[in-house]
Amino acid sequence: VTDFIKEPVSDKFTVGFSKKYILPDDIEKNKYYIAGYGENNPARGVIDPQYAHAVFIDDNSGRGGILLISLDVVGILNKDVQKIRNMLKGFSEKTGCRKIDVFSTHNHAGIDTMGIWGPLPFSGKNEKFMNLLYDAVKEIAFGAYNSRRKGDLYLGTIEVPDMQEDIRTPVVYSKTLTRFRFVPDDSGNEVWLLNFASHSESLQGSNHLVSADFPCYLREKIR
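Residues numbered from 1 in each chain as written. Predicted model: local features only at pLDDT ≥ 70, side-chain atom pairs only at ≥ 80, totals over all residues. Heavy atoms only, no water.

Participant: Which parts of the structure should I look at to understand the environment of E159?
Facilitator: As for its placement among the helices and strands, E159 is situated in strand β6 (residues 149–159). Separated by 41 residues in sequence, E159 and S200 place their C-alpha atoms 18 Å apart. (Helix = DSSP H or I, 4+ residues; strand = E, 2+ residues; numbered from the N terminus.)

Participant: Explain the sheet that holds strand β4 (residues 66–71) here, please?
Facilitator: Note: strands within a sheet are paired through backbone hydrogen bonds, in either parallel or antiparallel orientation. Here we have 7 strands laid out as an open sheet, ordered β5-β4-β3-β1-β6-β7-β8, and mixed in their pairing. Each of the sheet's edge strands pairs with one partner strand only, and the pair in question is β5 (99–104) and β8 (191–196). For this sheet, the mean angle separating the axes of adjacent strands, direction not counted, is 25°. Inspection of the sheet shows strand β1 (residues 13–21) paired to β6 by 3 bridges, in the antiparallel sense. Across the sheet, F13 pairs through a bridge with G151, a residue of β6. Sitting on the sheet, helix α4 (residues 214–222) touches β3 (51–58) and β8, and the angle it makes with β8 is about 145°. (Pairing = 2+ DSSP bridges. Axes fitted to C-alpha atoms, helices over the stretch in contact; angles between N-to-C directions. Contact = heavy atoms within 4.5 Å.)

Participant: Even after reading the chapter, I still don't get helix α1 (residues 78–87), so can you show me in this structure?
Facilitator: Along an α-helix, residues three or four positions apart point the same way, because every turn accommodates 3.6 residues. Those residues of α1 that sit buried are D80, V81 and I84. Along the axis of α1, the buried positions cluster into a sector of 105°, meaning they face one direction only. Residues of α1 that are exposed and point over 90 degrees away from its buried face: N78 and K79. Buried residues along α1 sit in contact with β4, β5 and α3 (127–146). (Buried < 20%, exposed > 50% of the residue type's maximum accessible area, 1.4 Å probe, protein only. Arc of directions from axis to C-beta.)

Participant: Before we go on, may I ask you to explain the nonpolar core in this structure?
Facilitator: Among soluble globular proteins, nonpolar side chains are generally buried collectively. Counting residues in each nonpolar core, the largest one holds 32 residues, and the members touching the most others are L67, I69, L71, I84, L88, F91 and L133. At the level of secondary structure, the elements contributing two or more residues to this core comprise β3, β4, α1, β5 and α3. For this core, the element with the highest residue contribution is α3, accounting for 10 residues. Ignoring any residue separated from it by four or fewer positions in sequence, one finds L71 in contact with Y51, A52, I76, V102, F103, S104, T105, L133 and V137. Membership of the second largest hydrophobic core comes to 6 residues, among which are V15, V55, I57 and L68. (Core = buried A, V, L, I, M, F, W, Y, C linked by side-chain atoms within 4.5 Å.)

Participant: What is the right way to read the pairing of β4 from this model?
Facilitator: When a strand is regular, its side chains alternate between the sheet's two faces. Pairing of β3 with β4, which is carried by 6 bridges, proceeds in the antiparallel orientation. What sits directly across from A52, in β4, is L71. Judged from the 6 bridges that link them, β4 and β5 form a sheet pairing that is parallel. Directly across from S70, in β5, lies its bridge partner F103.

Now the structure itself:
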């Protein structure tokens, strides 16, 4: 490690956070298909908006920071991830960001981002929504970088009992909840990064309304 990190800038972490909702303004007028269960399920309204979140983390090793992007969607195609990375080349050059990773909460009540939940054989992927998503990602990338502060970063894990079910055999799933907790030196708001390996499908397949599902309310409870 000492050979790899030759001249650390600081013994502190630098972390920034930003978010933006990704909800079309014409969702009640035009067709946006809900992804995750049966096909051809156009949204009939909204329970709560989907969000894009970004965390910029720099370990101050001198190697540059990383950008983690989380989207309240069922999944995102590799070509769209590459499009996001290409779109953020200027961001990487300006900030020295060495790596960009894009994640999905695997939300089963969000708008189709993969194209397989429309009126088959036609795609359910909506160009306006994807452009809205891309614009939001670019905005929060810079927002996370510009809001960065120095502080300490902690890692913790715990097992969460009786919260999941695997309806297929073999029954295999992880009960582990993982948290990165950033505590800034300025005593301002902390930043938490959570990972819990569970499908976001609390609303089930009979739902016709857009939602970020349980991650939305988990975030609200933490706040």
